[in-house]
Amino acid sequence: MRFAAAAAVVPAALAGAAAPSAAAPSAAQETYREPPAIVRDLITAAPSPGVSISPDGASMLMVHRDALPPLEDVTRPMLRLAGMRIDPRANARFATSFGTRVVHRALRGGPETEVKLPNGARVAGTSWSPDGTRFVVTVVTAGGSELWTGTAADPANVRQVTARLNTITGGVSWAPGGAHVLCQLVPEDRGAPPEAPRVPLGPNVQETDGRKSPLRTYQDLLASEHDADTWEHYATADLALLSLDGGEARILGRGVYAGASLSPDGNWIMTMQIRRPYTFLMPYYRFPQRVEIARTEEPAAAVVGWNVPLGEGIPIGGVRTGARSFQWAASHPATLFWAEALDGGDPKAEAQYRDRWLAASAPFTRDESTGAVGREVVRVEHRARGLTFFDDPNLFAAAEYDRDRRWIRSMLHALDGSAVPRMLEDRSSNDRYGDPGALLTHPGPFGRSVARLDGEWMYRTGRGASPEGDRPFLRRQSQVTLATEEIWRCPADAYESVVDVMETGDAPTFVTRRETRTTPPNYVLHDGPAAKRVALTDFADPQPEIRGITKQRLTYERSDGIPLSATLYLPAGYEEGTRLPMLVWGYPREYNDASTAGQISGSTERFTRMAGSSHLLLLTQGYAVLDGATMPIIGDAETMNDTFVTQLVASAQAAIDVAVRMGVADPDRVGVAGHSYGAFMTTNLLAHCDLFRAGIARSGAYNRTLTPFGFQSERRTFWQAPETYFTVSPFMHADHINEPVLLIHGEADNNSGTFPLQSRRLYQAIKGNGGTARLVMLPGESHGYRARESVLHVQAEMIDWMDAHVKAPRKTIRASVTDR
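Residues numbered from 1 in each chain as written. Predicted model: local features only at pLDDT ≥ 70, side-chain atom pairs only at ≥ 80, totals over all residues. Heavy atoms only, no water.

## Quick word on the sheet that holds strand β16 (residues 257-262)
Ordered by their spatial adjacency, four strands build an open sheet running β16-β17-β18-β19, and the pairing between neighbours is antiparallel. Unpaired on one side and paired on the other, β16 and β19 (302-308) mark the two borders of the sheet. Looking at each pair of strands side by side, their axes are set apart by 10° on average, direction ignored. Two strands pair when backbone bridges link them, and β16 and strand β17 (residues 268-274) are joined in this way by five bridges, in the antiparallel orientation. Its bridge partner lying in β17, A260 is registered against T271. (Pairing = 2+ DSSP bridges. Helix = DSSP H or I, 4+ residues; strand = E, 2+ residues; numbered from the N terminus. Axes fitted to C-alpha atoms, helices over the stretch in contact; angles between N-to-C directions.)

Encoded structure:
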């Protein structure tokens, strides 16, 4: 008997809710719905705990959590100010994902020990001391944010360090020695937040003076002086050094801190304070700042400082002028590095070198003749991306990025200039096959993260992308000859990646996270000297009912010869030769060349888990799913979007054709869906071709005139490329969207550009032109959907929409592709 596609189980009272009749009201507030029971149970199944291994490789912390929070938690009070979202009760960034309990276990065996936190406390994060003997846990309670600490020797007995933690603009960092932490506290004398004026004091005014200041479309910005005062009230904190052994807190200063860090030896402190005037046009990290260096014993007496101006007038894709990207050299007692632009911060300016790195060491004195602080260490041809320091304090790696070619380069330098710089990495940022992996780091002599050196050898871990899929690896590379040796690689029948390396050498000891198609991720100790593999965890399969689902990687070509790929999922019980209704899920990505666009990513050996709003849950309803169908947009970085629509349609045609040739997909019953830029893709395909019966577009942007200073990787403004902005905007072609489209959007979307207005306006445009659409706005939800009620409702909407508009066969001739 041939496989029969399972019908969605929908209560009779809700049948047809996704496709209301012509007589139904065009707008209404519905109650939350649930999808079929199997989908509900899969979504609400508890996930495996998160695991954090101590730096010394002796212990692990397992953080358990629920699958989804209730809507009541997602819609709790929130302040949207200065480009951030604040939980005023917690004095923290607004969050919707918390742990429920923390469990400790010795890595090489022993009992699991519950870390005894306050009843009802929600775990916001954990952190190990550099030596692995202590840990801290940040929790949120009804009264605010608290910091608790415990030891690996006695993990059950933890003690409260403070109940006044403030993490709105900063976190918790370890001081040298591991007996103290640096953090921010709510001032004891803070008082009540400022009251909003009952009568406006006057109009809110903005003015421009003729200087160019292109800006992306930020959300949650300040809109009034009351907003500015309120944000400052919550963001102002006491910078404190807290003893984990019960000593009194030492207050180092008060202000609005964008950041603060101790030097590796603990004798100096760098603070980055945000200063007025604020702006209504940009988020807080572009506000003016004052960066200062002072002795930790005398934090109020700055030795040296830099003024960082308001971040306006920065070219698209550019950087601030002046000092930026401050960081301590992790391998030195007290040496500060920072970058400065040599091209005015403009990526389009002609320049032999775009950036330089400077450094200054304690006691940070100014040059008597020039008044300058520090010295130039190295110049980089392209934009500086960061520094990596090594166990050898004379070595550091400087990474840079060529925006025009989308190219990554990393050079190994000697701080004293005693050696010629050597190339560690030189590849396209899109070249997954050529990725040498990340340098393996560990706590160095000062407890800061440095690249590990074992004699001449440095170590790398990476995804190991290849034409056969991802096969993660552990390698070592000589810092003398740069030759590379592979130590370990993931087997072909699993997906296993390196989590931590405890001992190096010819037979290293390390931990991996291993999963297969049928077994969930678990942690394995590779005991090098003993040549053993020891299972560290044994997490059960949370969703055994879907193990009959199959998947395979497909490779195929676009009509212009560009290689493409996707993963085809088929329902449990599928019989070969049965043509199913199918969903194509994709997300366009930009490439400079065809060779990298066609590279394979991901692994078919990974464990399939269906969570949240995943489109894969349609598999339980009898659909095939073509997941991650590649939709590459290839061309010159400045003009590639001129052919966006043509390339998109060609990729979609190729994806459908390969599934049809296999006898899997019914060409007359194919839907398309995507989230964010994938939603933009979906509505463009519905507007410019007749390949699909219907579409689902979640949290997208559809009118590019509302993002006029660029979007995704588009570098031109609307005024420089108006035809392109018009052509790629589905809103402008709403009269051609003649297939049904389900639009879903969070009412509190905070993603740049994807304002909720985007979905509302596209719905109105489709309705006005006589099209078929359904608009679902989710209260309290951001760019992704978190609340249990919201996620279940989204699944019900998606299943009903596909059942109503894609699943049922129709006896019509399939329209040919048109590139309108």
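## Considerations on the side chain of T630
Among the structural elements, T630 can be located in strand β42 (residues 624-634). Since its relative accessible area comes to 19%, T630 is described here as buried. Within polar-contact distance, the side chain of T630 engages the backbone nitrogen of S565 at 3.0 Å. Among all residues touching T630, those that are not within four sequence positions of it are Y556, L564, S565 and S651. (Buried < 20%, exposed > 50% of the residue type's maximum accessible area, 1.4 Å probe, protein only. Polar contact = N/O pair within 3.5 Å; in protein donor to acceptor, adjacent residues only side chain to side chain. Contact = heavy atoms within 4.5 Å.)

## Quick look at the packing of helix α5 (residues 644-661) against helix α6 (residues 677-688)
At a minimum axis distance of 10 Å, the contact between α5 and α6 shows a crossing angle of 85°. Classified by the interaxial angle, the pair formed by α5 and α6 is roughly perpendicular. Contact residues: F644, V645, L648, V649 and A652 in α5; Y677, F680, M681, N684, L685 and H688 in α6. Within the contact of α5 with α6, the residues separate by chemical class into nine nonpolar, two polar and no charged. (Parallel < 35°, antiparallel > 145°, perpendicular 65-115°, else oblique. Nonpolar A, V, L, I, M, F, W, Y, C, P; charged D, E, K, R; others polar.)

## A closer look at the pattern of salt bridges
Going through the model one piece at a time under the given rule, you end up with 52 salt bridges. Here E638 and K348 are joined by a salt bridge, their closest N and O atoms 3.9 Å apart. Of this pair, E638 sits in the loop between β42 and α5 while K348 is found in the loop between β21 (335-341) and β22 (355-361), placing the two residues 290 residues apart along the sequence. Exposure remark for E638: the relative accessible area of 22% places this residue in the partly exposed category. You can call K348 partly exposed: its relative accessible area is 48%. Taken together, the shared-partner salt bridges connect E30, R33, R774, E797 and D800 into one network. (Salt bridge = Lys/Arg side-chain N within 4 Å of Asp/Glu carboxyl O.)

## Remarks on the packing of helix α1 (residues 37-44) against helix α9 (residues 788-807)
Packing of α1 against α9 leaves a shortest axis separation of 11 Å and a crossing angle of 145°. As for the relative orientation of α1 and α9, their crossing is right-handed in sense. Of the residues in α9, those in contact with V39, R40, I43 and T44 of α1 are R788, V791, L792, Q795 and I799. Of the residues contributing to the contact of α1 with α9, the split by class is five nonpolar, two polar and two charged. (Left-handed = near helix turned anticlockwise from the far one by under 90°.)

## Things to note about α1
Within the sequence span of α1, burial applies to V39, L42 and I43. Each buried residue of α1 sits inside an arc of 95° when the element is viewed along its axis, so together they form one side. Those residues of α1 that are buried are in contact with α9. (Arc of directions from axis to C-beta.)

## Quick notes on the environment of Q647
Within the secondary structure, Q647 sits in helix α5. Each C-alpha atom of the pair Q647 and G255 lies 51 Å from the other, and the pair is 392 residues apart in sequence. Setting aside chain neighbours within four positions, we find Q647 in contact with R558, P632, I633, I634 and M640.

## Describing the environment of S331
Tracing the backbone shows S331 in the loop between β20 (323-328) and β21. According to the relative accessible area criterion, S331 is buried, its value standing at 7%. Sequence separation of S331 and T504 is 173 residues, and the distance between their C-alpha atoms is 19 Å. The residues touching S331, leaving out its near neighbours within four places in the chain, are F389, F390, P393, F446 and V450.

## Section: the sheet that holds strand β27 (residues 422-428)
The four strands are arranged β24-β25-β26-β27 in an open sheet whose pairing can be described as antiparallel. Two strands bound the open sheet, and with one partner strand each, they are β24 (383-389) and β27. Here the average twist between neighbouring strands, direction ignored, is 15°. By the bridge criterion, eight bridges tie strand β25 (residues 395-402) to strand β26 (residues 407-414) in an arrangement that is antiparallel. Counted as the bridge partner of D402 is W407 from β26.

## Focus on the pairing of β20
Bridge count between β20 and β21: four bridges; the pairing is antiparallel. Each bridged residue has a counterpart across the sheet, and for Q327 the counterpart in β21 is F337.

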